[in-house]
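# Fold and contact review
The primary structure of each chain is shown beneath.
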Amino acid sequence: MNASLLFLIPLLPLACGAANALFGLRLPRAVSVSLAVGGAAGSALLTFVLWPLATGEGTTVTLYTWLESGTLQVPVELLFDRLSAPMALMVSCVSTLIHLYAVGYMKDEADYARFFALLNLFVFAMLTIVLSDNLLLLFLGWEGVGFCSYALIGYWYSETKNANAGRKAFLVTRVGDVFLGVALLWLFSLFGTLSISTVNAQAGVLPAATLTALTLLLLGGACGKSAQLPLMTWLPDAMAGPTPVSALIHAATMVTAGVYLLCRLFPLVSLSETGLAAIAVVGAATALYAATCALAQREIKRVLAYSTMSQVGYMFLAVGAGSVSAAMFHLLTHAFFKALLFMAAGCVIHLAGGENDIHAMGGLKKRSPLLFWLFLAGALCLAGAPLSGGFFSKDGILLAAFAQRTPLYSLLWGIGVFTAFLTALYTFRLLYLVFAGEPRKDLHGHALPKTMIWPLVPLALLGLGGGLLNLPGLLGGSSWLHHFLGPLAGESPEVSHGLEWGLWGLATALFAGGALVARARYRRFKPGREGAVRRFFLGGWQADALVAALILRPFAAVAYFFWKGTDDALINGVLDGLARGFQGAGERLRTLTTGRLSNYLMAMAWGTVIFLGWFLLRTLIP
Amino acid sequence: MIVPMGHILAFSAALFLMGLACVLARRNLIMILIGVEIMLNAVGLTLVGASALWQAIDGQIFVIFLMAMTSAEVAISLAMVVYLSRRRGTITANDFDGMKG
């Protein structure tokens, strides 16, 4: 099998995206749209066909040297191994389905070419992150997904709110990118290369303090892209974009790039105990934070956005607990069910005639039973219903945290368990508010196009059956993903079967408890006044206000000071003063030019006298 | 030499200073020109004296040049004075301050 075919995986979407960007609006709509779907589908197919290359040590192929300057060598090099192959397959498959869905969703948009070009470009950038064997190439993809995310959030840019949301996402993730950039430069100065394989292989020789600092820098970069505390404020606002964008970028793929980065560099990251603990703490804190926020949200997509943040927090917790396989497992199942939930939410909004507020919905089960069942499948996975994909993957993470058996990790495990309860609660709140009972408002929805509903079916099956990917030995499974990842899988938690059953029982009880509480509270829901706590959660713990008070306003004040105080007063003042001084001096000097002959003659005579006097003095006093 | 060189120098210096005083003190253009003439003649006297002192002819030749130049200068200046007096009706130097800054 020709290994250089691997390059087609990212280049196919790039080519289709470029074609759409250049000629999209001149081509017939059907051609343009098929190009977009075909690009993603081609990648998925290729990844599937080339799968055997990933076994063993994986395959590395080099296309050409991108940058060459002194010792800096940046080859365009792909690494198709046991970690990148499943990730690439997930990205390309999910994006194919989302492209299909987008065909129906964007049916009435005039500038669909821009949308599909950016969507394909995003897939290219994401696959570059996943497959790259060079950190600089990875950074290229990293920035590429950031740009596509910015452009797609602001797709309906004629509304200032959307454009601002795009800008916010771009700027906040940029803060994280700075950390990543510093980490890359540091790694280069340490190793003289940016090759991921080399960095991972040689990481052991570094002193502990350097490793910890590097891990924290990488964590900072991952936090920005994955919307973890404290760089999480952009994700809820990112929901201003079209729903396929939310599903693809802000749920299934891009936000997991941070987790993937940490997994990719796990051999380096795992050498630092402190770094791992920091990753786990950030993950658990974000999981809890986002789950509480999701409890109070009123816009359907914002609930899902916060739940994404919370689930990505779980993945961070898994990496922090040293289990890459648990993180990747949850990443994969989460991608399936969260893409499903987002696209189903898009259908819901479509059915509700553009209404976003779940307090105004209700009774949608009667309108589209199929949609209800699909949404239910996603909700069961998210809430962790027993035997669904989300149940196994989330439990794997909690098990990994529990098996660490240190006070810190036990606390984090506790937070994780509590968050699991909150997850079930907000998921079923969403489900009951949207689908149960009678409509609370007269909604004039549109019929759902077929391309919007059918891509959800494979996702629902993948989500529900996702547990089979890594079925624990307890249920007769073989932990396939864990063994497939092999040396890359990280630690495997060693616990007794009894304990494992106990944890499963606890998870099931929490799921049931959350679902029952939600049923009791929200089955016959009447919108009422919202209390202070609810408003606090609704505003995401007022994180935006906090950022504004701590960073934006001081920054604006400093900027104002430098504008008015330094630039206007100091620099302009000095220059204006100099100019005024010279002008005044010139005015005074001007009066010397009287234009009278006698004055000039007198001056000449005095000048002569002075000269002669000078020579006389020189003669008299040698 | 019959007249000592010191006397010649003292006399020509006095003549020069008187010419200069005339140039500086008077406001009438014709009087200023006369002052300039006196100063030039003072210089000419020095040159003749020096020529006699060193028994060299150069000084006297130079005085011939000086006279030619002076006559040319007077011709031009007086023509300009006549022109100015016709055009502006005055020959007082301070009335011509068109170059005032």
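Quick caveat, the model's predicted, so the values are computed rather than measured.

### Thoughts on the overall build of chain A
Helix and strand content of chain A: 26 helices and two strands. Considered along the principal axes of its C-alpha atoms, chain A spans approximately 120 × 60 × 60 Å. The burial tally for chain A puts 55% of its 622 residues in the buried class. When contacts within chain A are restricted to residue pairs at least 6 apart in sequence, long-range pairs at least 24 apart make up 82% of them. Of the roughly 25,800 Å² of accessible surface on chain A, 69% is carried by carbon and sulfur atoms.

### Quick word on helix α10 (residues 243-252) of chain A
All names here are of chain A. Within α10, ten of the ten residues are buried, which leaves the element mostly enclosed by the surrounding structure. Those residues of α10 not exposed but buried are T243, P244, V245, S246, A247, L248, I249, H250, A251 and A252. The inward-facing, buried residues of α10 contact α3 (84-105), α4 (112-131), α5 (135-153), α9 (234-237), α14 (300-320) and α15 (324-351).

### Here we look at the packing of α5(A) against helix α6 (residues 160-191) of chain A
All names here are of chain A. Remark: α5 packs on α6, axes separated minimally by 8 Å, with the N-to-C direction vectors making an angle of 170°. Comparing the axis directions of α5 and α6 gives the class roughly antiparallel. Residues L135, L136, F139, W142, E143, G146, F147, Y150 and I153 of α5 touch α6, and the partners they reach there are N162, A165, G166, R167, A169, F170, R174, D177, L180, G181, L184 and L187. Partitioned by chemical class, the residues of the contact of α5 with α6 number 13 nonpolar, four polar and four charged.

### Focus on helix α23 (residues 497-522) of chain A
All names here are of chain A. If you check α23, its first and last C-alpha atoms are 37 Å apart, about what 26 residues at 1.5 Å a residue would give, namely 38 Å. What α23 keeps buried is the set E500, L503, W504, A507, L510, F511, G514, A515, A518 and Y522. Contacts from the buried residues of α23 go to α17 (369-383), α18 (389-403), α19 (407-435) and α24 (532-538).

### Details of the confidence of the model for chain B
On average, residues of chain B score 90 in pLDDT, and 98% of them reach the 70 mark or higher. For this predicted complex, the interface confidence comes out at an ipTM of 0.83, alongside a pTM of 0.79.

### Quick look at the interface of chain B and chain A
Buried accessible area, meaning the area lost when the parts come together, often serves as the stated size of an interface. On the side of chain A, ten residues touch chain B, which itself brings eleven residues to the contact. Counting the contacts that link chain B with chain A gives zero salt bridges. Across the contact surface, chain B and chain A share one residue pair in polar contact (both at pLDDT 80 or more). A class-by-class count of the residues in the side of chain B that touches chain A yields six nonpolar, two polar and three charged.

### Details of the packing of aromatic side chains
Residues and elements named next belong to chain A. Counted under the stated rule, the structure contains 19 aromatic pairs over all chains. Among the aromatic residues, those joined into a cluster by ring pairs are F115, F116, Y155 and W156. Positioned above the aromatic ring of F170, the side-chain terminus of R174 is 4.2 Å from the ring centre. A cation sits over an aromatic face here: K564 above W563, 4.3 Å from the ring centre.

Rules and cut-offs
Residues numbered from 1 in each chain as written. Chains lettered and ligands numbered in written order. Predicted model: local features only at pLDDT ≥ 70, side-chain atom pairs only at ≥ 80, totals over all residues. Heavy atoms only, no water. Helix = DSSP H or I, 4+ residues; strand = E, 2+ residues; numbered from the N terminus. Buried < 20%, exposed > 50% of the residue type's maximum accessible area, 1.4 Å probe, protein only. Contact = heavy atoms within 4.5 Å. Areas by Shrake-Rupley, 256 points an atom, 1.4 Å probe, with all protein chains shown as cover. Axes fitted to C-alpha atoms, helices over the stretch in contact; angles between N-to-C directions. Parallel < 35°, antiparallel > 145°, perpendicular 65-115°, else oblique. Nonpolar A, V, L, I, M, F, W, Y, C, P; charged D, E, K, R; others polar. Expected span 1.5 Å × (residues − 1). pLDDT = per-residue confidence, 0-100. Salt bridge = Lys/Arg side-chain N within 4 Å of Asp/Glu carboxyl O. Polar contact = N/O pair within 3.5 Å; in protein donor to acceptor, adjacent residues only side chain to side chain. Phe/Tyr/Trp six-rings, centres within 6.5 Å; stacked < 30°, edge-to-face > 60°. Lys NZ or Arg CZ within 6 Å of the ring centre and 35° of its normal.

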